[in-house]
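In case you want the letters, here they are:
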Amino acid sequence: MATLGLTDIIGPIMVGPSSSHTAGALRIAFMARRLCLAEPRSVEFRLLGSFAHTLTGHGTDKALVAGMLGLATDDLRIRDSFELAEQAGLSFRFTTLPDADDYEHPNTIDILIQDAAGNKMSVRGESVGGGAAVIRRIDGIDVYVTGESTSIVVRQRDVAGVLAHIAQSLSERGVNIATTRMYRERRGDTAYTVLETDQDVDVAAKAAIESNPAIYDVRIIPGDAGSAAPCAGAGDEGCSAQQSAEALDRALQRFADLNFASGSDLLTWCETNGASLSEAFLAREAALAASLGQADTSKCYLDLALSVMKRAATQPVRETLPSMGGLLGGEARKLTDLRARGEALCDDQLSAAMTYAMAVLETNASMGRIVAAPTAGSAGVLPGVLLALQDSRGLADEDLARGIATAAAIGYLITRNATVSGAEGGCQAEIGSAAAMAAAAAVELAGGTPAQCLDAAGNALTNMMGLVCDPVAGLVEVPCQKRNASGAATALVSAQIALAGIGNLVDFDQTVAVMDKVGRSLPFELRESALGGIAAAPAACAWCAQCGA
């Protein structure tokens, strides 16, 4: 969790409809492709847990195939991945195993691959929320590969001297090892060494590692697997992978000081330094980049995220975007028309917030490009609130970028100490977290204090407590779209209460802990399985029967 950063919370920038079931699934397949020794030719996807119940509804099938083709999470060609696979000569099939119980995480996929050279491999991956994923098993051996940093996966004989050879091969080429883990079933048998590095690993380094006769093969997984890197090279900000040991020590200490473990830690730092939540989080982001010898591209990324949010929130206001599942399309235009007729019940700010929030879900459900904030299913709440505040208060884009950073601070703490995954914590973990993030952002942009920002976030979490995740037919459409509008409204209400100076009996950190406990106590049927709640109502079941879902 110490490596969580801006793009983990405000992101990924992705094609909808689900961060865990679309972007996360794509990343699992993308990493599996990178583990292949030759071009994959046939693949079977075995879907477990919630994946077994929501295959087509979340675009998981298209995303998995797209990942095997090497597409990024924000590539609009994900929609056409089946046709692209046919052109590429990749055959695929899906096997759903809803009754299987030999897995730990609710979002688990087993991938069986045969490549062009005849090699066969099995990979188990988990989508852990917010678009992140890990590889947990390769050919029956337990491993742990995140793809966040560049990863090297070495298959070897379990004999002495191999690890030293790997380390020397990398060191001689200026590659610093961040972490190393070795996995094996039996001593002296086949083993896997998994390393994460601070720099990219080139062909020469790979060949040097492979020169040892005890090493069977080496696979390289680039950092941030399956994601676009829009800010790459955006100014070095004085950072360098070749910084001195002394400079690196200073950077590591700076990050340790700023790596807030709780809302209490964050608030203490803000009060001591006279800083806002956004300033604190961006200081942490700069320190994180420096500790990794990387450029701080946070400003570039905030601008990019805002531009994607704006397009996702405004395009459906101008044109209807029919959804992939057929349950959405035209809602944002109807709300806009209601306001134009002067018949809206809510004031302009709240009306705009709900319109923008619902519009983002139209974009999401049509497999358009959105920013998971913190997830795709809750992607409308933050832009809904921010754009409404811009309309009503004349805020500049720079202000909205600052609001996104404030939201990221809250989302980071929730992700670190609880969950933002609907499959783990219900919709309270998705919409609730998004509402908390937006509430804090609204408070800061209205001139509130850091303490009021945390109070507003706690208010929103409390007001969304216990909300179940029950998508009809497994689609991120109903009731998700209207819950985004409700989340935006809750954020504004929670912010106004905090701005009035009304405090909370239960502080932010305790509220996060309670939310996590409540979410994990929800039955499986109420955590993104499409088996309970509204999804199990007679009308919903009748619709599923009619559409064949």
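Residues numbered from 1 in each chain as written. Predicted model: local features only at pLDDT ≥ 70, side-chain atom pairs only at ≥ 80, totals over all residues. Heavy atoms only, no water.

Caption draft 1: Representation of the overall build of the protein chain. Broken down by element type, the protein chain carries 20 helices and 12 strands. For the protein chain, the C-alpha radius of gyration of 23 Å lies close to 24 Å, the compact-globule estimate for 549 residues. Taken along its principal axes, the extent of the C-alpha atoms in the protein chain is 75 × 60 × 40 Å. Here the protein chain holds 549 residues, and 56% of them are scored as buried. The contacts of the protein chain with a sequence gap of at least 6 include a subset with a gap of at least 24, amounting to 75%. Entry remark: accessible area of the protein chain is about 21400 Å², with carbon and sulfur atoms responsible for 50%. (Helix = DSSP H or I, 4+ residues; strand = E, 2+ residues; numbered from the N terminus. Rg over C-alpha atoms; globule rule 2.2 N^0.38 Å. Buried < 20%, exposed > 50% of the residue type's maximum accessible area, 1.4 Å probe, protein only. Contact = heavy atoms within 4.5 Å. Areas by Shrake-Rupley, 256 points an atom, 1.4 Å probe, with all protein chains shown as cover.)

Caption draft 2: Representation of the environment of V128 within the structure. Summarising the element assignment, V128 is placed in strand β5 (residues 120–129). According to the relative accessible area criterion, V128 is partly exposed, its value standing at 31%. Considered as a pair, V128 and T22 are 106 residues apart in the sequence and their alpha carbons are 12 Å apart. Residues contacting V128, with those up to four places away along its chain left out, are H105, A133, V134, S421 and E424.

Caption draft 3: Focus on unusual backbone geometry. Note that the residue after A373, namely P374, is joined by a cis bond; omega there is 5°. You can see P374 is positioned in the loop between β12 (369–371) and α13 (381–393). Cis geometry marks the peptide bond from V478 to P479; its omega dihedral reads 5°. Along the polypeptide, P479 turns up in the loop between α17 (450–463) and α18 (480–499). Phi is positive for D139, close to 50°, though the residue is something other than glycine. Along the chain, D139 turns up in the loop between β6 (132–138) and β7 (141–145). Since its relative accessible area comes to 36%, D139 is described here as partly exposed. In this structure, A530 is a non-glycine residue whose phi angle is positive, near 65°. The topology assignment puts A530 in the loop between α19 (508–521) and α20 (538–547). Judged by relative accessible area, which is 16%, A530 ranks as buried.

Caption draft 4: Representation of the UniProt feature "domain: ACT" (unreviewed entry) in the protein chain. Taking the numbering used here, the UniProt-annotated feature "domain: ACT" (unreviewed entry) corresponds to residues 151–223. Each end of residues 151–223 is marked by a C-alpha atom, and these two atoms are 7 Å apart; helix forms 25% of the span and strand 41%. (UniProt positions renumbered as here; feature names shortened; annotations may be inferred.)

Caption draft 5: Layout of a positive patch on the surface. On the surface, R79, R311, R318 and R369 cluster together to form a positively charged patch. Along the chain, R311 turns up in helix α10 (residues 298–318). Judged by its relative accessible area of 52%, R311 is exposed. (Patch = residues over 30% accessible without salt bridge, like charges linked within 9 Å, V, L, I, M, F, W, Y side chains within 5 Å. Salt bridge = Lys/Arg side-chain N within 4 Å of Asp/Glu carboxyl O. Lys, Arg positive; Asp, Glu negative; His and termini not counted. Charge placed at Lys NZ, Arg CZ, Asp CG, Glu CD.)

Caption draft 6: Here's a closer look at the side chain of D217. Inspection of the secondary structure assignment puts D217 in strand β11 (residues 215–221). Look at D217 and you get buried, because its relative accessible area is 4%. Within the local environment of D217, its side chain forms a polar contact with the side chain of R155, the two groups lying 2.7 Å apart. Excluding residues that lie within four positions of it along the chain, D217 makes contacts with L37, V153, V154 and R155. (Polar contact = N/O pair within 3.5 Å; in protein donor to acceptor, adjacent residues only side chain to side chain.)

Caption draft 7: Focus on the sheet that holds β5. Ordered by their spatial adjacency, six strands build an open sheet running β3-β2-β4-β5-β6-β7, and the pairing between neighbours is mixed. Sheet topology places β3 (91–96) and β7 at the edges, where each strand pairs with a single neighbour. Adjacent strand axes in the sheet meet at a mean angle of 25°, parallel and antiparallel pairs treated alike. Pairing of β5 with β6, which is carried by six bridges, proceeds in the antiparallel orientation. Paired with V123 across the two strands is I138, which belongs to β6. Relative to strand β2 (residues 40–49), helix α3 (residues 60–68) is tilted by about 140°, and along the sheet it contacts β2, β3 and β4 (107–115). (Pairing = 2+ DSSP bridges. Axes fitted to C-alpha atoms, helices over the stretch in contact; angles between N-to-C directions.)

Caption draft 8: Broad picture of the packing of aromatic side chains. Applying the stated criterion across every chain, the model contains six aromatic pairs. Between the aromatic rings of F82 and F94, the centroid separation amounts to 6.3 Å while the plane-to-plane angle is 35°, which identifies the pairing as tilted. Of the two residues, F82 is situated in helix α4 (residues 81–88) and F94 in strand β3; the sequence distance between them amounts to 12 residues. Given the relative accessible area of 24%, F94 is considered partly exposed. One aromatic cluster in this structure is built from F45, F82, F92 and F94. (Phe/Tyr/Trp six-rings, centres within 6.5 Å; stacked < 30°, edge-to-face > 60°.)

Caption draft 9: Summary view of the domain arrangement of the protein chain. Its domain assignment divides the protein chain into domain 1 (14–145), domain 2 (149–223) and domain 3 (297–547). Taking the mean C-alpha position of each, domain 1 and domain 2 sit 24 Å from one another. If you look at the interface, domain 1 gives 13 residues, while domain 2 gives 14 residues. In this assembly, domain 1 packs against domain 2 so that about 1300 Å² is buried in total across both faces, 70% of it on carbon and sulfur atoms. (Domains from an automatic or database assignment. Buried area = accessible area lost by both parts, 1.4 Å probe.)

Caption draft 10: Focus on helix α11 (residues 331–340). For α11, the set of buried residues is E331, A332 and L335. Take α11 and look down its axis: the buried residues cluster within an arc of 105°, on one side only. Among the exposed residues of α11, those pointing more than 90 degrees away from its buried face are K334 and A340. Tucked inside the fold, the buried residues of α11 contact α10, α12 (348–365) and α18. Once α11 finishes, G342 follows within two positions and takes phi at roughly 75°, a positive value. (Arc of directions from axis to C-beta.)

Caption draft 11: Inspection of the state of the cysteines at higher detail. Tallied over the entire structure, the rule returns zero disulfides. Distance from the sulfur of C453, which forms no disulfide, to the nearest cysteine sulfur (C270) is 8.4 Å. (Disulfide = S-S within 2.5 Å.)

Caption draft 12: Broad picture of the pairing of strand β10 (residues 190–197). The element β10 is extensively covered by neighbouring structure, given that seven of its eight residues are classed as buried. Where strand β8 (residues 150–157) and β10 come together, eight bridges link them in antiparallel fashion. Across the sheet, the residue bridging to T150 is T197, located in β10. Bridge count for strand β9 (residues 177–184) against β10 is seven bridges, and the pairing is antiparallel. Its bridge partner being in β10, R181 is matched across the sheet by V194. Between β9 and β10, which pair antiparallel and follow one another directly, the connecting turn spans five residues, one of which, G188, has a positive phi of 85°.

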